[in-house]
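# Structural overview
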Amino acid sequence: MPKAKIKRKSTWVDMTAMCDVAFLLLTFFMLTSNFTKKEPILVATPSSVSEIKIPETNIMTILVDKTGKVYFGIDGQEKRKQLIEKMAYMYKVTLTPDEIKKYTLLELAGNPMQAMKAYLRLPADMRDLPQNNLGVPADSTNNEFKEWVKSAREVNPDLRIAIKADEKTPYPVIKKVMKSLQQLNEDRYNLITKLEGAPDKE
Amino acid sequence: MAEISQDSGSHKKGRKKRSKKLATRIDLTPMVDLAFLLLTFFMLATSLIKPQTMEITMPSDKKVLEEDKTVAKASQAVSIILAKDDKVYYYFGKTEGAKVLTTNYAPDGLRKILLTKNFDVAKQVEDLKAEKMRAHLKEEDYQKRLSQIRANKNAPVVRIMATDDSNYKNLVDALDEMNICSISRYAIVDYDEPDKLLISSLTP
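Read on for a plain summary of the structure. (Residues numbered from 1 in each chain as written. Chains lettered and ligands numbered in written order. Predicted model: local features only at pLDDT ≥ 70, side-chain atom pairs only at ≥ 80, totals over all residues.)

### Here's the deal with the overall build of chain B
Note the threshold: For helices the rule is a DSSP run of H or I covering at least 4 residues; for strands it is a run of E covering at least 2, with both sets numbered from the N terminus onward. Three exposure classes are used, based on other C-beta atoms lying within 10 Å of a residue's own C-beta, which is placed from the backbone: buried for 20 or more, exposed for 12 or fewer, and partly exposed in between.
Secondary structure assignment for chain B yields seven helices and six strands. Listed N to C, the secondary structure of chain B is α-β-α-β-β-β-α-α-α-β-α-β-α in terms of helices and strands. Residue burial in chain B is summarised as follows: out of 204 residues, 24% are buried.

### Things to note about the overall build of chain A
Test applied: Put simply, the radius of gyration uses C-alpha atoms, and a globule should come to 2.2 Å times the residue count raised to 0.38.
Secondary structure summary: chain A contains six helices and six strands in total. Traced from its N-terminal end to its C-terminal end, chain A shows the element sequence α-β-β-β-β-α-α-α-α-β-α-β. In terms of C-alpha radius of gyration, chain A reaches 25 Å, well past the compact-globule figure of 17 Å for 202 residues. Principal axes of the C-alpha set define a box for chain A whose edges measure 105 × 60 × 30 Å. Out of the 202 residues in chain A, the part that is buried amounts to 31%.

### Overview of the sheet that holds strand E6 (residues 186-189) of chain B
Residues and elements named next belong to chain B. Short version of the rule: A pair of strands is treated as paired once DSSP finds two or more bridges between them. To define axes, lines are fitted to C-alpha atoms, for helices over the stretch in contact only, and angles between the resulting N-to-C directions are given on a 0 to 180 degree scale.
Pairing is mixed across the open sheet formed by five strands, whose spatial order is E4-E3-E2-E5-E6. Of all strands in the sheet, those with a lone pairing partner are strand E4 (101-103) and E6, marking the two edges. Going across the sheet, the axis of each strand differs from the next one's by a mean of 25°, ignoring polarity. In the sheet, strand E2 (residues 77-82) pairs with strand E3 (residues 88-92) via five bridges, with the strands oriented antiparallel. Across the sheet, Ile 81 pairs through a bridge with Tyr 89, a residue of E3.

### Let's talk about the interface of chain A and chain B
Selection rule: Any two residues are considered in contact once their C-beta atoms, placed from the backbone, lie within 7 Å. Residue polarity is assigned by list, with Asp, Glu, Lys and Arg as charged and Ala, Val, Leu, Ile, Met, Phe, Trp, Tyr, Cys and Pro as nonpolar; anything else, Gly included, falls into the polar class.
Tallying the contact residues gives 48 residues for chain A and 39 residues for chain B. Broken down by secondary-structure element, the contributors of at least two residues to the side of chain A that touches chain B are helix H1 (16-32), strand E2 (52-53), strand E5 (160-165), helix H6 (171-183) and strand E6 (188-195) of chain A. Looking at the side of chain A that touches chain B, the element that brings in the most residues is H1(A), giving nine residues. Classifying every residue of the side of chain A that touches chain B gives 27 nonpolar, twelve polar and nine charged. Note that E2(A) and strand E1 (residues 52-57) of chain B share two bridges and pair antiparallel. The residue bridging A:Lys53 from the neighbouring strand is B:Gln52, located in E1(B).

### Here we look at unusual backbone geometry
Across the chain, the bulk of peptide bonds are trans and the bulk of non-glycine residues have phi less than zero. Residues and elements named next belong to chain A. Notably, Asn 58 is not glycine yet its phi reads approximately 55°, a positive angle. With phi around 55°, Lys 92 is a residue other than glycine that occupies positive phi space. Mapped onto the fold, Lys 92 is located in the loop between helix H2 (77-90) and helix H3 (97-104). Among the residues examined, Lys 92 registers 8 C-beta atoms within 10 Å and is labelled exposed.

### Comments concerning the environment of B:Leu28
Its location among the elements puts B:Leu28 in the segment before helix H1 (29-45). Using a count of 19 C-beta atoms within 10 Å as the deciding quantity, one classes B:Leu28 as partly exposed. On a C-alpha basis, the gap between B:Leu28 and B:Val157 in space is 68 Å, while along the polypeptide they are 129 residues apart. Discounting chain neighbours no more than four positions away, the residues touching B:Leu28 are A:Met15, A:Thr16 and A:Cys19.

### Details of the pairing of strand E3 (residues 59-64) of chain A
Residue and element names in this part refer to chain A. Of all the six residues making up E3, six are buried; the element is thus mostly covered by neighbouring parts of the structure. What you see with E3 is no split at all: Ile 59, Thr 61 and Leu 63 on one side and Met 60, Ile 62 and Val 64 on the other are buried throughout. Direction of pairing for E3 relative to E5: parallel, over a ladder of six bridges. In the sheet register, Ile 59 faces E5, and the bridge partner there is Arg 160. Here E3 hands over to strand E4 (residues 70-74) after five residues, with Gly 68 in that stretch at a positive phi of 95°.

In structure tokens form, the structure reads like this:
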């Protein structure tokens with residue numbers, strides 16, 4: 001009996017198809033991506049059943065962390081430049097063009113204007129440390145926060161206000177922020193929440 | 001890495017001298033590697049889910065609120081006080097001599113109370129939603145009818161008061177309940193004297 005010949009198959013796999021798929025997905029992600037914003041601190045937003053999405057542009061973000069520190073930021077680098085120049089002028093802080101440039105690259109910043117210069121001079125990896133973020137003062141005696149909102153509104157009138165706060169933030173801090181907004185007649189704003197499953201009614 | 005394979009004519013055993021032909025087949029493995037590497041990067045760096053928001057409108061100054069208060073009948077008024085440790089105090093009608101009850105944020109707590117109070121509106125909204133699912137109502141029609149239902153004069157008016165011991169989650173939860181229970185008239189108001197006295201008399 002002749003031995004059955006086993007045909008040796010080549011181990012070569014055609015990669016073309018796989019390559020196609022990979023590039024297709026890559027193209028998809030490249031085109032649809034909007035990068036996750038870098039935030040100086042991680043907040044856990046409360047959940048709600050609201051399904052309204054936040055618009056992507058013209059957003060003024062007010063971030064409030066657990067300890068009650070307030071961070072502030074607007075989108076658009078050109079707008080941010082105008083904003084920081086305005087604020088620096090108002091609080092008589094002189095910032096070098098380099099420091100202004102650094103500010104325009106920040107999504108959010110939370111420091112009193114007096115500490116802003118030192119903050120911008122810090123190397124990038126030091127900026128997120130809690131001791132370097134003092135929070136924007138929003139007390140009734142020293143309400144820099146109000147000035148930020150006012151200046152931001154002057155720089156870009158189309159801004160919408162989004163408040164993103166940690167669920168453990170004590171209410172007095174929120175009250176302070178809301179009161180300041182109220183005084184500026186900014187009475188419409190968005191509270192950022194995460195999605196919760198649809199509730200059962202009964 | 002990039003090996004270029006000679007097109008394997010393995011069955012040919014002849015040692016015929018032939019001009020070396022470069023095969024057109026190129027090993028694509030490194031290219032695939034690279035593509036997946038970039039793909040992974042983009043997948044991790046993107047945020048596909050946009051955050052949800054809750055739109056609220058606050059009264060811009062106090063005068064408007066005073067008017068609202070006078071319009072609201074005492075029988076429609078519900079006052080909710082958000083206290084510490086996720087406790088909720090509530091009472092109906094006027095502050096003077098009100099009977100304060102305690103509840104929480106569970107589905108059979110605050111939501112049940114508000115739904116009972118707002119039964120008519122909530123039911124109509126439910127029906128409308130069901131109709132929308134069945135009959136594919138146009139979005140505009142749906143919104144129009146929804147606002148009609150919500151404009152019901154007999155619907156309760158809710159005052160939300162947050163104490164200094166409450167946190168942000170409590171406030172969002174309370175606002176969320178307003179949405180769920182289709183309550184269109186509510187306001188966040190200051191937690192001030194008459195209510196403070198009322199609650200402090202309750203908790204020694």
